[in-house]
Amino acid sequence: MGMKFLTGFALAAGLLLNGAARAEEDIKIGVMFPLSGPMALIGNEAYQAAEVARDMFNERGGANGKNVTFAVADAPGPTQGNAEATRLVVRENVPLIAGTYASSIALAASEVTEREGVLYWETIAVADKFTSRNYQNVVRLTFNASMMGETAADFTKELAAKFGKTPEEMKVAVISEDSEFGQSVGEAAARRVEANGMQLVADERYSKTVTDLSSLILSLKAAAPDVVIATSYLNDGVLFVRQARELDFNIGALVGIGTGYALPDFLEATGENAEGIFDVDGPASANVSNLPQETQAVYTEFLERFRAATSRDPGPLALISFGGFWTLFNEVLAKAPDTSIESLRKAAYEIDLPMGSLLTGAGVKLEPLGEPNQGQNSRAQLSVMQWQDGKLEVVWPEAIALESIKSVPLEPWSER
Amino acid sequence: MTAIYIQLVVSGLLLGGIYALVSVGLTMIFGVSRIKNFAHGDLVMVGMYLTYALTTWTQLDPYLLVPVVTVALFGFGLLLSFALIRRIQGAPQVAQIFATVGLGLVLQNAALMIFGADFRTTNSEIAGNVLRFWGISLPLSLFIAFVVSMAVIACLTVFLRTSMVGKAMRAIAQDRRAASLMSIDVKFIDMLTFGLGTACAGLAGALLVPLYPVYPTIGANLVLISFVVVILGGLGSIEGALIGGLAIGLIETLSGFFIGSEMRQMAYFLVFIAVLLFRPAGLFGQRGSETLGS
């Protein structure tokens, strides 16, 4: 009763202040991120990017005059993700849920939306399984784990020339931590290394809670690879670099995969040893000059607003999050005649944006229904970044690169 | 290739030294007071955070702060013993386990509230150095931890054998009631033991900070391995912690190299099961020591 009165009061006040805003015609969507708990740091950053996208979209006239509003849910883990998805769908009656960053949360929450016939719009999570469960109502705008592994292997092939070798002469070792993420990335990387004609000299898994990697590093030392492709979180990535130096394990290039190698904490923990290390992930900064005029304007406005709201520069996941929400608003909500699942799904599968449409350089075209990966964006953009003088620079692919590849092959530890 | 094999053994022993260092406080508390301290790993975590905080605040090298942290944790141990541990002395095992697991959770969440879930690292000028002999690498940070670990174990052994307090501790370990009849202040010695054990955890924590990033649940990773070490070496045996630690370090490194990285934990758990089957008291343990003197 009290709530109803308050809502009514707020509505009346809103009408008085702004006659044009008609709250009953707003489109309310569910937005879920881990806003508290261990993943809150990046969860909040992604959420802030989503808010910027919403405000920019509404100020441009919204979805045919209707404003988009958020019903926000905080899901620190999969259990809460499942419960909050139920609340959003059943109590808040949202036509779709967007988010979520963590794969475990996205997997748990999309169980609910699939059952209830509501669209699940994932902007950041990468687990392959998200789009391989034959679900009708899941869409993922970003790349998946396999694509990360494949990109690392393709990039390694590109590096062969810098070693003065043919791809067939390149010796590559693949190591990864053994969670769902690491395993799917590692397997995809190893498959692609062999498919690219390079020699796979080692393929190892380890636990990410590991406190010592000397046996792994010594077995790699015996295999003598030119390049190591390593899928790691922060802790194990730092440990690998530190122990490689201690055990004098020299490689021509380290191609890391995942956020662990991209975080400022990685630089802080490894210091100058980070120099020259690659990281495969979404691009941390956009090469604006190569993007279409319209995307450039959006990027500039996003950057200003994000800085104003958070007094920080957006990280790679903020860019990805913004792109996901921006596409959702402009291509789905603005184009679908109503918010029924059929209309939303139809609008989503009809999107056909060329590469370079999003801030990350990505385009959007979903794998059609009936394909093994239905709902996965086939034009997601991955990049290879490199630590150069304490900064993470985008170096590959060329279309979005801001710097050229440096320090390949790496100097031996003894000469640094 | 020979160099790699020698390096493997060296790396295994250095890792084992860390395990022994982390485990020695645990085995001591168990040996004297029969307390199974499941919060031991979290006390190491407290030592790590304290070192991290002091290093960030004073800008000193973490190695210079080792004595400060050890003494601080000794005090913290006395406090814990007074507030909590003495109340569960002689209580059923379940009560001891719940109380110490609960203590661990409190410490973890306190760390989460104060420092957040981020990985914290400090850089030490000293830790970055590597000693090299004939192609063998000795990372200085690991080497220091190894040497300190050996020294602490030697000192504790001498202390228990020769000093009055040490003899009192051994007397309590053998027969708690008889010891109290010989006018040994059992409660005081219990407190002192817990303080010393916690100081060992703090010492280990301070020496681990240059090696590993610290985060609230790192203790949970350490406590499992230290229980394996302690049970393998023999509950309550200081020498057992040394031998157990070195053995686990070697097994882990060698199996990681020869069998594969994902198999290393399996390898030492298999050895662990074998020891429990054929020598249930552990390598240096006394049969039935878990109920002795209680």
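Residues numbered from 1 in each chain as written. Chains lettered and ligands numbered in written order. Predicted model: local features only at pLDDT ≥ 70, side-chain atom pairs only at ≥ 80, totals over all residues.

**What about the overall build of chain B?**
Basically, it comes down to this: Here a strand is any run of E in DSSP of at least two residues, a helix any run of H or I of at least four, and the numbering for each starts at the N terminus. Atoms considered for the radius of gyration are the C-alpha atoms alone. The globule rule reads 2.2 Å times the number of residues to the power 0.38.
Helix and strand content of chain B: 11 helices and two strands. Counting from the amino terminus, chain B carries its helices and strands in the arrangement α-α-α-α-β-β-α-α-α-α-α-α-α. For chain B, whose C-alpha radius of gyration is 19 Å, the value lies close to the compact-globule estimate of 19 Å for 294 residues. If you line up chain B on its principal axes, its C-alpha atoms span 60 × 50 × 35 Å.

**Quick notes on the overall build of chain A**
Just so we agree on the cut-off: Exposed residues have 12 or fewer other C-beta atoms within 10 Å of their own C-beta, buried residues have 20 or more, and partly exposed residues fall in between, where C-beta atoms are placed from the backbone. Note on contacts: residues are paired as contacts if their backbone-placed C-beta atoms lie within 7 Å.
Summing up its helical and strand segments, chain A has 12 helices and 12 strands in all. Relative to the compact-globule value of 22 Å for 416 residues, chain A shows a C-alpha radius of gyration of 22 Å, a close match. When burial is assessed residue by residue, chain A has 54% of its 416 residues classed as buried. Within chain A, residue pairs in contact and separated by at least 24 positions form 67% of the contacts whose partners lie at least 6 positions apart.

**Quick word on the domain arrangement of chain A**
All names here are of chain A. Basically, it comes down to this: Source of the domain bounds: an automatic or database domain assignment. Under the grouping applied here, Gly and all other residues not named as nonpolar or charged are polar, the nonpolar ones being Ala, Val, Leu, Ile, Met, Phe, Trp, Tyr, Cys and Pro and the charged ones Asp, Glu, Lys and Arg.
Under the domain assignment used here, chain A contains domain 1 (2–143 + 289–350) and domain 2 (146–281 + 383–415). Taken residue by residue, the interface counts seven residues in domain 1 and 10 residues in domain 2. For the side of domain 1 that touches domain 2, a count of residues per class yields four nonpolar, two polar and one charged.

**Looking at the environment of Leu 203 of chain B**
Residue and element names in this part refer to chain B. Structurally, the position occupied by Leu 203 is in helix α8 (residues 186–208). Here Leu 203 falls in the buried class, since 27 other C-beta atoms lie within 10 Å of it. Residues Leu 203 and Val 69, spaced 134 residues apart in sequence, show a C-alpha to C-alpha distance of 6.8 Å. In this structure, Leu 203 is in contact with Val 66, Thr 70 and Val 152, ignoring residues within four places of it in sequence.

**Observations regarding the interface of chain A and chain B**
Each partner contributes residues to the interface: chain A has 26 residues there, and chain B has 24 residues. Breaking the side of chain A that touches chain B down by element, the ones donating at least two residues are β7 (199–206), α7 (214–223), α8 (234–246) and α9 (264–270) of chain A. A class-by-class count of the residues in the side of chain A that touches chain B yields nine nonpolar, eight polar and nine charged.

**Some words on unusual backbone geometry**
All names here are of chain A. For the bond from Gly 99 to Thr 100, the omega torsion is -15°, close enough to zero to count as cis. Looking at where Thr 100 falls in the secondary structure, it is placed in the loop between β3 (96–99) and α4 (103–116). Backbone torsion omega between Trp 396 and Pro 397 reads -5°, so that peptide bond is classified as cis. Tracing the backbone shows Pro 397 in the segment after β12 (391–396). For Asn 134, which is not glycine, the phi torsion reads 65° and is therefore positive. Within the secondary structure, Asn 134 is located in the loop between β4 (119–122) and β5 (138–140).

**As for the confidence of the model for chain A**
Put simply, the rule reads: pLDDT is a per-residue confidence score from the predictor, ranging from 0 to 100.
With 94% of its residues at a pLDDT of 70 or more, chain A has an overall mean of 89. Note that pLDDT drops below 50 for residues 11–22 of chain A; the model gives that stretch four contacts with residues more than four away or on any other chain.

**Points about helix α4 (residues 93–115) of chain B**
All names here are of chain B. Applied cut-off: A helix is expected to span 1.5 Å for every residue after the first.
For α4, built from 23 residues, the straight-helix expectation of 33 Å at 1.5 Å per residue is met to within 8% by its first-to-last C-alpha distance of 33 Å. Within the sequence span of α4, burial applies to Gln 96, Thr 100, Leu 103, Gly 104, Leu 107, Gln 108 and Ala 111. Packing partners of the buried residues in α4 comprise α2 (40–58) and α9 (218–233). Two residues or fewer past α4, Gly 116 is found with a positive phi of approximately 75°.

**Some points on the sheet that holds β4 of chain A**
Hydrogen bonds between backbone groups are what pair the strands of a sheet, and the pairing can be parallel or antiparallel. Residues and elements named next belong to chain A. Going by this rule: Only strands joined by at least two bridges in the DSSP assignment are considered to pair. Here an angle of 0 to 180 degrees is reported between the N-to-C directions of two axes, which are lines fitted to C-alpha atoms, with helices fitted over the stretch in contact.
Here five strands make up an open sheet; going across it, the order is β2-β1-β3-β4-β5 and the pairing parallel. Of all strands in the sheet, those bounded by a partner on one side alone are β2 (68–74) and β5. Strand-to-strand, the axes of this sheet are offset by a mean angle of 25°, without reference to chain direction. With three bridges joining them, β4 and β5 adopt parallel strand pairing. By the bridge assignment for β5, Glu 122 is matched with Arg 140.

**Examining the packing of helix α3 (residues 66–83) of chain B against α8 of chain B**
A pair of packed helices is characterised by two quantities: the angle between their axes and the separation of those axes. Residue and element names in this part refer to chain B. Convention followed: Crossing chirality is assigned from the near helix's rotation relative to the far helix, an anticlockwise turn below a right angle marking it left-handed and a clockwise turn marking it right-handed.
Across the interface, α3 lies against α8 with an axial gap of 7 Å and an inter-helix angle of 145°. Along this stretch, α3 crosses α8, giving a crossing that reads as right-handed. Among the residues making up the contact of α3 with α8, the classes are represented as 17 nonpolar, eight polar and one charged.

**Some remarks on the packing of helix α5 (residues 145–159) of chain A against helix α6 (residues 180–195) of chain A**
Residues and elements named next belong to chain A. Close contact between α5 and α6 brings their axes to 7 Å; oriented N to C, the two are set at 35°. Note that α5 runs across α6; the crossing there is right-handed. Across the interface between the two elements, Ala 145, Ser 146, Met 148, Gly 149, Glu 150, Ala 152, Ala 153, Asp 154 and Thr 156 from α5 touch Phe 181, Ser 184, Val 185, Gly 186, Ala 188, Ala 189, Arg 192 and Val 193 from α6. Of the residues assigned to the contact of α5 with α6, the class counts are nine nonpolar, five polar and three charged.

**Describing helix α3 (residues 78–90) of chain A**
Residues and elements named next belong to chain A. Which entries qualify depends on this criterion: Regarding the arc, it is the one traced by the directions from the helix axis to the C-beta atoms.
The end-to-end C-alpha distance of α3 is 18 Å, a good match for the 18 Å that 13 residues give at a rise of 1.5 Å each. Those residues of α3 not exposed but buried are Gln 80, Gly 81, Glu 84, Ala 85, Leu 88 and Val 89. All buried residues of α3 project into a common sector of 160° when viewed along the axis, lining one side. When the buried face of α3 is taken as reference, the exposed residues oriented beyond 90 degrees from it are Thr 79 and Val 90. The secondary structure elements touched by the buried residues of α3 are β1 (27–33), β2, β3 and α4.

**Comments concerning the sheet that holds β12 of chain A**
Residues and elements named next belong to chain A. Reading across the sheet, the seven strands line up as β7-β6-β8-β9-β10-β11-β12 and stay open at both edges, with mixed pairing between neighbours. The sheet is open, and its two edges are formed by β7 and β12, each paired on a single side. Here the average twist between neighbouring strands, direction ignored, is 25°. Here five bridges tie strand β8 (residues 227–231) to strand β9 (residues 253–257), and the two strands are oriented parallel to one another. Bridge pairing in β9 links Val 228 to Leu 254. Sheet strands touched by α7: β6 (171–177), β7 and β8. Its angle to β7, the strand with the most contacts, is close to 175°.

**Regarding the nonpolar core**
Here is the rule we go by: What makes a nonpolar core is a set of buried Ala, Val, Leu, Ile, Met, Phe, Trp, Tyr and Cys residues, with links drawn between C-beta atoms within 7 Å.
Among the nonpolar cores identified, the biggest contains 230 residues, and Ala 46, Ile 97, Met 148, Ile 229 and Phe 322 of chain A together with Val 24 of chain B are the most heavily contacted of them. Here this core gets 15 residues from one element, more than from any other, and that element is helix α1 (residues 2–33) of chain B. Taken domain by domain, the makeup of this core includes at least three residues from each of domain 1 (2–143 + 289–350) and domain 2 (146–281 + 383–415) of chain A. Excluding anything up to four places from it in sequence, Phe 322 of chain A contacts Ala 49, Val 52, Ala 53, Phe 302 and Leu 359 of chain A.

**Details of the pairing of strand β1 (residues 130–133) of chain B**
All names here are of chain B. Summarising the sheet, β1 and strand β2 (residues 136–139) pair through four bridges and their orientation is antiparallel. Within β2, the residue paired with Arg 132 across the bridge is Ser 137. Linking β1 to β2, which pair antiparallel, is a turn of two residues; within it Trp 134 sits at a positive phi near 45°.

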